[in-house]
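Spelled out from the first residue to the last, the chains are:
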Number of protein chains: 2
Amino acid sequence: MSAESGSLPAKVAVIGAGAIGGGWAALCISAGWPVSIYDTSSRAVEDAMEDIPRRARVLIALGRATPGIVERGLQEFQQAKSLLQAVRGADWVIEAIHEDLGAKQRLLESIEQVTAPEAIVTSSSSGLAPSDLFARLLQRSRCLVAHPLNPPELLPLVELVPSEETDPQAIDRAKGYLRALGRMPIVLHHAVPGYVVGRIAAAVWRECIDLVLSGAIDVSDLDRAVSLGPALGWAAAGPHLTYHLGAGAGGVHIFLQHLLTSFERWWGDLASWDKLDQGQQRTLIAAVEKAYEGKVDMLRTLRDRRLAAILRALEQARTT
Amino acid sequence: MSAESGSLPAKVAVIGAGAIGGGWAALCISAGWPVSIYDTSSRAVEDAMEDIPRRARVLIALGRATPGIVERGLQEFQQAKSLLQAVRGADWVIEAIHEDLGAKQRLLESIEQVTAPEAIVTSSSSGLAPSDLFARLLQRSRCLVAHPLNPPELLPLVELVPSEETDPQAIDRAKGYLRALGRMPIVLHHAVPGYVVGRIAAAVWRECIDLVLSGAIDVSDLDRAVSLGPALGWAAAGPHLTYHLGAGAGGVHIFLQHLLTSFERWWGDLASWDKLDQGQQRTLIAAVEKAYEGKVDMLRTLRDRRLAAILRALEQARTT
């Protein structure tokens, strides 16, 4: 049996009990896998021990998981009292603490000291260079970045970013685990700051912030415009394919002939700042809070319901 | 009865028989509205007279239109021999020729000369300033931009961009017509080059082109990453809402505390070029053509099926 199609992890250790770590845990639990979670903040773990079972069960309500399998996963879900206890017997250790290079490096060193050599170690970093993340480690060949989106238990994409020293077998094992979890792993050829998702998200959010701060459009109209416009289009066909289909039989070649002048005009006019000052942050925060005041819990539930419904729709469109 | 909730157009005139004009026509036909189409190229109109009925009927197969209503629309679908014949009796004239300011200005002048004063006139421009588009007209109060996405008969968003001289009643009538067509009109407070959609699309595509040209990722992996990652997320919740929900109860305020440093690092590193030279264009075209070689028709059908399935899913998520 090949490494990729092969064995599932006997246990997954998630280190970091925040939103992303909790999502990884809920996802693995929903597949019936034994998970143990650890965080240096006992408060964070206590909260997570309530939140993660809830998130795993929401997946049942959303039609993304099966009750019996989730309950089996929950029976084997453990709050670890130490890093050592967390990683004991784990084939896959997931680092999921906040985005701070020094903190991640120190944690990865500690993980290396206590983790069995057969385990693979993935970092959930959303944009740091794997060569920096794993710089202080001795066993770099088993380490790579596996960056999920938020919420990890619903969005299928996971970016895999190996360092130059990552063993191809470690990439294959990560791919195999992720596919078994229903995820869609994409491997970058080389690391760039923000990887693929962070860069595209940053490009979009800068423009969205700029459009709101310049008064061209309100927060909620802008969000709706992206949701029911370009995002819907890209969810059905990625950007390059969208434009390849956009000019009929002539493809992207004719599309560029017709619209490159427009794109070049817009590229020259897009927001190009790379800092948000305190005043701009305050204005942005106030505008977003006002747009969604009193509706955040409802909107989170609706977001998750929409995600689940879209995933179902895409699966049906593939099979019919 | 208010103008917005009020009467439907007795007839729609679409001027320009390309991909966008054809989409407008298919959409109006699918609502059972009388449509007449005109183009200075008789070849383009001949092609459109075959293509538009096909596109309207595809909407039935996709569950986005009702057979009886589409057939009623098709019975009243006319190929106009002249601009005068096209606009006669129309309450709504849609300009949908290629994106060229001078050509659009000249066409809009001709439209003004033959169109009844009660009709509204919308331009399908994807980014030109309404003050420029309508500069040569005498009756500017009835004119505004109504920019659809591609394909117009499937993607719900339509950007409305009035000029300073547009009468609010014309905006309301455009909104009313678009809502009756199942579209989601969004009104910009003031025009910016590329409006909202073009700017966001330009920001995304520049980064996507850069990631492919720099060798970080292949065309098809990138397209899949956007589809199953950020686009899926934004389709369920727009960018500002995504980040407002991204840091738990603390909202966008806490999100910025955690991740603004990352975003600022990425903003400083994003692609900032505003021209694609001939060599880059050739490389991009070759990469996109190779990624989708021999699969374009299948992918177009799949894209439309996915769009229809996602729209159905979003409607169900709203009502259940």
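All of the points below concern the structure found in this document.

Basis of the calculations
Residues numbered from 1 in each chain as written. Chains lettered and ligands numbered in written order. Predicted model: local features only at pLDDT ≥ 70, side-chain atom pairs only at ≥ 80, totals over all residues. Heavy atoms only, no water. Helix = DSSP H or I, 4+ residues; strand = E, 2+ residues; numbered from the N terminus. Expected span 1.5 Å × (residues − 1). Contact = heavy atoms within 4.5 Å. Polar contact = N/O pair within 3.5 Å; in protein donor to acceptor, adjacent residues only side chain to side chain. Disulfide = S-S within 2.5 Å. Pairing = 2+ DSSP bridges. Axes fitted to C-alpha atoms, helices over the stretch in contact; angles between N-to-C directions. Buried area = accessible area lost by both parts, 1.4 Å probe. Salt bridge = Lys/Arg side-chain N within 4 Å of Asp/Glu carboxyl O. Nonpolar A, V, L, I, M, F, W, Y, C, P; charged D, E, K, R; others polar. 1 Å grid on protein atoms, 1.4 Å probe; cavity = no way out; pocket = protein on both sides within 12 Å on 5 of 7 lines; lining within 4 Å. Points joined across faces, edges and corners; volume = space filled by probe spheres on them.

## Some details on helix α14 (residues 296-319) of chain B
Over its 24 residues, α14(B) runs 35 Å from end to end, which matches the ideal 34 Å to within 8%, given 1.5 Å per residue. Where α14(B) is buried, its residues contact α9 (219-228), α10 (230-236), α11 (239-245) and α14 (296-319) of chain A together with α10 (230-236) of chain B.

## Topic: the side chain of A:Thr166
All names here are of chain A. Locating Thr166 in the fold gives a position in the loop between β7 (157-162) and α7 (168-180). Reaching out from Thr166, the side chain makes a polar contact with the backbone oxygen of Cys143 at a distance of 2.8 Å. In terms of polar contacts, Thr166 uses its side chain to reach the backbone amide nitrogen of Ser163, at 2.8 Å.

## Topic: the state of the cysteines
By definition, a disulfide is the covalent link that joins the sulfur atoms of two cysteine residues. Per the counting criterion, the structure on display carries zero disulfides over all chains. In this structure A:Cys143 is a free cysteine whose sulfur lies 18 Å from that of A:Cys28, the closest cysteine sulfur available.

## Examining the sheet that holds strand β3 (residues 77-79) of chain B
Residues and elements named next belong to chain B. Taken together, the eight strands give an open sheet; going across it, the order is β3-β2-β1-β4-β5-β6-β7-β8, and neighbouring strands pair in mixed fashion. Each edge of the open sheet carries a strand with a single partner, namely β3 and β8 (184-187). Sheet twist, expressed as the mean angle between neighbouring strand axes with direction ignored, is 25 degrees. Both strand β6 (residues 143-148) and strand β7 (residues 157-162) contribute to a ladder of five bridges, which runs antiparallel. Bridging across to β7, Pro148 finds its partner in Val158. Lying on the sheet, helix α5 (residues 101-114) is in contact with β1 (12-15), β4 (92-95) and β5 (120-123); it crosses β4 at an angle near 160 degrees.

## Side note on the interface of chain B and chain A
Note on interface size: it is often stated as the accessible area lost on association of the parts. Contact residues are listed per partner, giving 108 residues for chain B and 108 residues for chain A. Across the chain B to chain A interface the summed buried area is about 10,600 Å²; carbon plus sulfur atoms make up 72%. Viewed at the interface, chain A and chain B are joined by four salt bridges. A salt bridge links A:Glu207 to B:Arg199, with the nearest nitrogen and oxygen atoms 2.8 Å apart. Residue assignment for the side of chain B that touches chain A shows that the elements contributing at least two residues are β8, α8 (197-213), α9 (219-228), α10, α11 (239-245), α12 (251-269), α13 (278-291) and α14 of chain B. Sort the elements by how many residues they give to the side of chain B that touches chain A and α8(B) lands first, with 15 residues. Along the lines of polarity and charge, the residues of the side of chain B that touches chain A split into 68 nonpolar, 22 polar and 18 charged.

## Thoughts on empty space enclosed by the protein
One pass over the full model with this rule turns up two cavities of 30 Å³ or more. One number sums up the size of the largest cavity: a volume of about 60 Å³. Of all the secondary structure elements, the ones that give two or more residues to the lining of the largest cavity are α8 (197-213) of chain A together with α8 of chain B. Of the residues in the lining of the largest cavity, the class split is six nonpolar, no polar and four charged. As a volume, the second largest cavity reaches approximately 30 Å³. Taken together, B:Leu108, B:Ile111, B:Glu112, B:Val121, B:Leu137, B:Gln139, B:Arg142 and B:Cys143 make up the full set of residues lining the second largest cavity. Considering each element in turn, the lining of the second largest cavity owes the most residues, three residues, to α5(B).

## Brief notes about unusual backbone geometry
Note that the residue after A:Asn150, namely A:Pro151, is joined by a cis bond; omega there is 0 degrees. Inspection of the secondary structure assignment puts A:Pro151 in the loop between β6 (143-148) and β7. Phi at B:Tyr195 is positive, roughly 50 degrees, even though this residue is not glycine. Within the secondary structure, B:Tyr195 is located in the loop between β8 and α8.

## Some points on the environment of A:Asp172
Mapping A:Asp172 onto the fold places it in helix α7. In this structure, the C-alpha to C-alpha distance between A:Asp172 and A:Ala96, residues 76 residues apart in sequence, is 21 Å.

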